[in-house]
Amino acid sequence: MKTDIIISGVGGQGILSISAVIGMAALDNDLHMKQAEVHGMSQRGGDVQSNLRISSEPIYSDLISLKGADLILSVEPMEALRYVPFLSESGWVVTNTTPFKNIDNYPSDEALMDELNSHPHVVLVDADAIAKDCGSARASNIVMLGAAAPFLGMPFEALEAGIRKIFGRKGEQIVDMNLKALRAGKEVAERVVANAQ
Amino acid sequence: MQKLLLLGAEAIAQGALDGGMSGIYAYPGTPSTEITEFVQASKEAIERKVHSQWSANEKTAMETALGMSYAGKRTMVCMKHVGLNVAADAFVNAAITGVNGGLLVTVADDPSMHSSQNEQDSRFYGKFAMMPVLEPSNQQEAYEMAYFGFQLSESLKVPVLIRITTRIAHSRAGVERKEVMNENTLVLPDDMRQFVLLPAIARVRYKTLLKSQEAFERSSEDSPYNQFVEGPNKKLGIIACGIAYNYLMEHYPQGCEYTVLKISQYPIPRKQVMELEALCDEIMILEEGYPLVEELLAGYFRKGKTVHGRLDGSLPRDGELNPDLVGKALGFDVSLDEKVADIVANRPPSLCVGCGHRDAYSALNEAMKEHGDGHVFSDIGCYTLGALPPYESINSCVDMGASITMAKGASDAGLRPSVAVIGDSTFAHSGMTGLLDAVVEGTSMTVIISDNETTGMTGGQHSAANGKIEEICKGIGVDPAHIRVVVPHRKNHDEMVQMMKEEFAYEGVSVIIPRRECIQTLARRKRKEAKQKS
């Protein structure tokens, strides 16, 4: 298997913890992985992205080719659109629908949704609302991770194990809440995929 | 052994620790910062008492590391590429003194200038100083080069440069560790004059360095990191340096049809290059950075075999490589279309909401209104963002410390007022000597040291002048009546404006210190304190 993922958002939205769970799951399943991320100046309210590559074969490039990504996983809707040139023709866009508006010329909600819906394979997730239902608005990035689960090419149990590992120190309650968020995200994505077929 | 998931920068730190390092010296700078931070956070390093405190600048870091090498121990100094300009005096001369304990100089270049003011290629510094250079192509190699690098440095009796770029430094992969080596014991150099570069001794040492070049080249030719793989198609031979090798092999996961020479250790391995040249009709050079290998092999008159690369337009002359650019150069049908939907807006980086630099710039803009634009020289740090809207307050950003000295030069030319804006950490790094120049001449200028009590842009590392800035300015000779401290806050806006106006009118050196803790480090400190309480 080989899955190339671009994870995107705005600095401070927690895209690195999504990468960490997937990365840990990949290593535990004896898969190869590379994950390139952005540090430094661009983090101050700027757009951030991470190139995450998982494969059963050795991986060379740290960067994903244009039209090479199987998945764009975004915690912010406009940031999902920024990386569409990297999406392969059969690739999926999985994005949170809650915008992060820190600029004056942010597009209108309508224009944003029209653009997103113009893509053939898109999963829109109201991750903030789902996370709140699960017990914490802070788990919205884990909802998004769950929504990406059907496209990762890894068993769902591996992600659950990753969550247990990463949140284990914070107690059973936090682990359960994040597992709930993970499953809720997965269910949204599975419904969309089922309808598309 | 279980693989560790490490950034390339962290892999170098782990490799150095496992290779018996006794101390690491550095000034923070993207993309090199994580190397030292990893050592600072490592339990093993703390138990072993491996030195890992930040240095005031790259030059002091380089010299301190040389001192540790003199005393026989293994040491690493780290910096970003432009930091090597600051450390260059010590760096170049360290090749002539040679080493006692193994000395690795790790420099992280930033092609495409993600967080830098240029994209200089540190391999040229290695060549200039006539030092061996290691350039890892992946995280495992980064680990091993740091691990084995000390032995290489000790056996060749010279510092070794490890050159990485942003995409290695900030990309994570699984890394396998090796057995931890013991640190060296304290032992002085056999030759007590080795480090005394008086002309008579330096001439001898320099001849030794020149004579060593052959051994360095042989080491490259025998290096496990330089690999020669003959391919069936002889139309093209490819030389791929460092991370460029990955972008090449991305297109040939089952093996390349052409003959490939991967270079990860310099000087360039002559034997393998000659072999490639004899075997192939044309040569393609893939290197992340300047065309170092290409320029050499193409030659001024281009009389040999055709050489492709950045100089003949096969690849762009500037910027970092990627799999698409390399694919296109090799004739693959790749997409180079990066066009995004029109509605996607840019998010330029900006100063954090609540940051003290914002309040300092608001006051500066108002105080400067009567003088017009063009009076403010600035420096390297978060506050450089004051060049962008909404503030557009500053007119320069060149190198660490240049705000003060450029303001002095402009004042010498007659510009009034002439103002420098510099951060506390940058002031400690390279601002103090410039301030002394101004004090010595009684130059008419104002230095605003915008003090957030940390090295903010690189993530909040310790700032060497923290708590000492007024004393330093006094010690340098600034009149205490013209050293003014203020809390940069909206409620103090009028006070700040007034203060600036007064000091701009003063015919001499004045210093204004707007001081308020960086809101990022403040938030981190609060979280830590809350955690400790609970």
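Residues numbered from 1 in each chain as written. Chains lettered and ligands numbered in written order. Predicted model: local features only at pLDDT ≥ 70, side-chain atom pairs only at ≥ 80, totals over all residues. Heavy atoms only, no water.

With respect to the overall build of chain B
- Across its full length, chain B holds 19 helices and 18 strands.
- Computed over the C-alpha atoms, the radius of gyration of chain B is 25 Å, within 12% of the 24 Å expected from 2.2 N^0.38 for a compact globule of 534 residues.
- C-alpha extents for chain B along the principal axes are approximately 75 × 65 × 60 Å.
- Taking all 534 residues of chain B together, the buried fraction comes to 59%.
- Looking at chain B alone, contacts between residues at least 24 apart form 78% of all its contacts between residues at least 6 apart.
- Only carbon and sulfur atoms are counted for the fraction: they give 53% of the accessible area of chain B, which is about 22,300 Å².
- Each charge class in chain B was averaged separately, 54 positive and 68 negative side chains, and the resulting centres sit 4 Å apart. (Helix = DSSP H or I, 4+ residues; strand = E, 2+ residues; numbered from the N terminus. Rg over C-alpha atoms; globule rule 2.2 N^0.38 Å. Buried < 20%, exposed > 50% of the residue type's maximum accessible area, 1.4 Å probe, protein only. Contact = heavy atoms within 4.5 Å. Areas by Shrake-Rupley, 256 points an atom, 1.4 Å probe, with all protein chains shown as cover. Lys, Arg positive; Asp, Glu negative; His and termini not counted. Charge placed at Lys NZ, Arg CZ, Asp CG, Glu CD.)

Quick notes on the domain arrangement of chain B
- As far as domains go, chain B holds domain 1 (4-216), domain 2 (227-329) and domain 3 (356-521).
- Computed over C-alpha atoms only, the centres of domain 2 of chain B and domain 3 of chain B are separated by 47 Å. (Domains from an automatic or database assignment.)

Describing the nonpolar core
- B:Met76, B:Ile238 and B:Ile239 are the most contacted members of the largest nonpolar core, which has 104 residues in total.
- Counting 52 residues, the second largest nonpolar core, distinct from the first, contains B:Leu351, B:Cys382, B:Ile476 and B:Val497. (Core = buried A, V, L, I, M, F, W, Y, C linked by side-chain atoms within 4.5 Å.)

Some thoughts on the sheet that holds strand S12 (residues 282-286) of chain B
All names here are of chain B.
- An order of S8-S10-S9-S12-S13 is seen for the five strands of this open sheet, with the pairing classed as mixed. Since the sheet does not close on itself, it has two edges, and those belong to strand S8 (227-229) and strand S13 (307-308), each with one partner.
- Where strand S9 (residues 233-241) lies against strand S10 (residues 258-263), six bridges are found, and the strand directions are parallel. Following the sheet pairing, Ile238 is matched in S10 by Val260. (Pairing = 2+ DSSP bridges.)

So, the interface of chain B and chain A
- Each partner contributes to the interface: chain B provides 46 residues, whereas chain A provides 40 residues.
- Counting the surface chain B buries against chain A, the share from its top three residues, B:Arg172, B:Ile343 and B:Arg347, is 21%.
- Where chain B meets chain A, there are four salt bridges.
- Across the chain B-chain A interface, the total number found is 15 residue pairs in polar contact (both at pLDDT 80 or more).
- Those elements giving two or more residues to the side of chain B that touches chain A turn out to be strand S1 (4-7), strand S7 (171-175), helix H10 (244-249) and helix H13 (323-329) of chain B. (Buried area = accessible area lost by both parts, 1.4 Å probe. Salt bridge = Lys/Arg side-chain N within 4 Å of Asp/Glu carboxyl O. Polar contact = N/O pair within 3.5 Å; in protein donor to acceptor, adjacent residues only side chain to side chain.)

Describing the pattern of salt bridges
- Taken as a whole, this structure holds 42 salt bridges over all chains when the rule is applied.
- Taking the shortest distance from any N to any O, the salt bridge between B:Arg172 and A:Glu37 comes out at 2.8 Å. On the criterion of chain membership, the pair formed by B:Arg172 in strand S7 and A:Glu37 in strand S2 (residues 32-37) is interchain, its members lying in two chains.
- Note on B:Arg172: relative accessible area 17%, which makes it buried.
- In this structure, B:Arg177 and B:Asp18 form a salt bridge, with 2.8 Å as the shortest nitrogen-oxygen distance.

What to know about the layout of surface pockets
- Taken as a whole, the second largest pocket encloses approximately 1,100 Å³ of empty space.
- Lining the second largest pocket are 41 residues, with A:Gln49, A:Tyr83, B:His114, B:Arg167 and B:Glu338 sitting closest to its centre.
- Looking at the lining of the second largest pocket, the elements that each hand over two or more residues are strand S3 (47-55) of chain A together with helix H8 (166-169) and H13 of chain B.
- Sorting elements by how many residues they give to the lining of the second largest pocket places S3(A) first, with four residues.
- For the lining of the second largest pocket, the per-class residue count stands at 19 nonpolar, 13 polar and nine charged.
- Residue-level mapping places the lining of the second largest pocket at the junction of two domains, with at least three residues from each of domain 1 (4-216) and domain 2 (227-329) of chain B. (1 Å grid on protein atoms, 1.4 Å probe; cavity = no way out; pocket = protein on both sides within 12 Å on 5 of 7 lines; lining within 4 Å. Points joined across faces, edges and corners; volume = space filled by probe spheres on them. Nonpolar A, V, L, I, M, F, W, Y, C, P; charged D, E, K, R; others polar.)

So, the sheet that holds S3(A)
- Here we have eight strands laid out as an open sheet, ordered S6(A)-S5(A)-S4(A)-S1(A)-S3(A)-S2(A)-S7(B)-S1(B), and mixed in their pairing. Edge positions in the sheet fall to strand S6 (122-125) of chain A together with S1 of chain B, since each of these pairs with one other strand and no more. Strand-to-strand twist of the sheet, defined as the mean angle between neighbouring strand axes without regard to direction, takes the value 20 degrees.
- On top of the sheet, helix H1 (residues 15-28) of chain A reaches strand S1 (2-10), S2, S3 and strand S4 (69-74) of chain A together with S1 and S7 of chain B; it is set at about 5 degrees to S3(A), its chief contact.
- Across the face of the sheet, helix H1 (residues 8-18) of chain B comes into contact with S1 and S7 of chain B while running at roughly 110 degrees to S1(B). (Axes fitted to C-alpha atoms, helices over the stretch in contact; angles between N-to-C directions.)

Some words on the packing of aromatic side chains
Residue and element names in this part refer to chain B.
- Counted by the stated rule, this structure contains 10 aromatic pairs over all chains.
- Geometrically, the ring pair formed by Phe91 and Tyr125 is edge-to-face, given 6.1 Å between the ring centres and 90 degrees between the ring planes. A residue pair is termed long-range when its members are at least 10 positions apart, and Phe91 in helix H5 (residues 81-97) and Tyr125 in helix H6 (residues 123-129) qualify at 34 residues. Tyr125 shares its class with Phe91; the two are buried.
- Through a chain of ring-to-ring contacts, the aromatic side chains of Tyr143, Tyr147 and Phe148 assemble into a single cluster.
- Positioned over the ring face of Tyr245 is Lys262, at 5.8 Å from the centre of the ring. (Phe/Tyr/Trp six-rings, centres within 6.5 Å; stacked < 30°, edge-to-face > 60°. Lys NZ or Arg CZ within 6 Å of the ring centre and 35° of its normal.)

Considering the state of the cysteines
- A full pass over the atoms with the stated rule returns zero disulfides over all chains.
- Here B:Cys382 stays unpaired: no disulfide links it, and the sulfur of B:Cys518, its closest cysteine neighbor, is 6.6 Å away. (Disulfide = S-S within 2.5 Å.)

Examining the pairing of strand S5 (residues 87-96) of chain A
Residue and element names in this part refer to chain A.
- Burial analysis of S5 places eight of its 10 residues in the buried class, the great majority of the element.
- One ladder, built from five bridges, connects S4 with S5; its direction is parallel. Paired with Ser74 across the two strands is Thr95, which belongs to S5.

Considerations on the side chain of B:Asn57
Residue and element names in this part refer to chain B.
- By the element assignment, Asn57 lies in the loop between helix H3 (43-48) and helix H4 (58-70).
- Looking at Asn57, its side chain comes within polar contact range of the main-chain nitrogen of Lys59, at 2.9 Å.
- With near-sequence residues (within four places) excluded, Asn57 lies in contact with Tyr27, Val86, His429 and Ser430.

Section: a nonpolar patch on the surface
- A cluster of nonpolar residues, B:Leu186, B:Leu188 and B:Met192, forms a patch on the protein surface that exposes about 320 Å² of accessible area.
- Relative to the helices and strands, B:Met192 resides in the loop between S7 and helix H9 (199-221). (Patch = residues over 30% accessible without salt bridge, like charges linked within 9 Å, V, L, I, M, F, W, Y side chains within 5 Å.)

Quick word on helix H5 (residues 140-148) of chain A
- Extensive coverage of H5(A) is indicated by the burial of nine of its nine residues.
- When we look at burial in H5(A), the residues that qualify are A:Ser140, A:Asn141, A:Ile142, A:Val143, A:Met144, A:Leu145, A:Gly146, A:Ala147 and A:Ala148.

A word on the environment of B:Ile238
Residue and element names in this part refer to chain B.
- Relative to the elements of secondary structure, Ile238 occurs in strand S9.
- Classification of Ile238 by relative accessible area gives buried; the value is 0%.
- Residues Ile238 and Glu277, 39 residues apart in the sequence, show an inter-C-alpha distance of 9.8 Å.
- Leave out the neighbours within four places in its chain, and Ile238 touches Leu248, Cys256, Tyr258, Thr259, Val260, Leu261, Leu276, Met284, Leu286 and Leu330.

Digging into the environment of B:Gln194
Residues and elements named next belong to chain B.
- Tracing the sequence through the fold places Gln194 in the loop between S7 and H9.
- Each C-alpha atom of the pair Gln194 and Pro253 lies 49 Å from the other, and the pair is 59 residues apart in sequence.
- In contact with Gln194, other than residues within four places in its own chain, are Thr97, Gly98, Val99, Asn100, Pro189 and Arg205.
- A distance of 3.2 Å separates a polar side-chain atom of Gln194 from the backbone oxygen of Val99.

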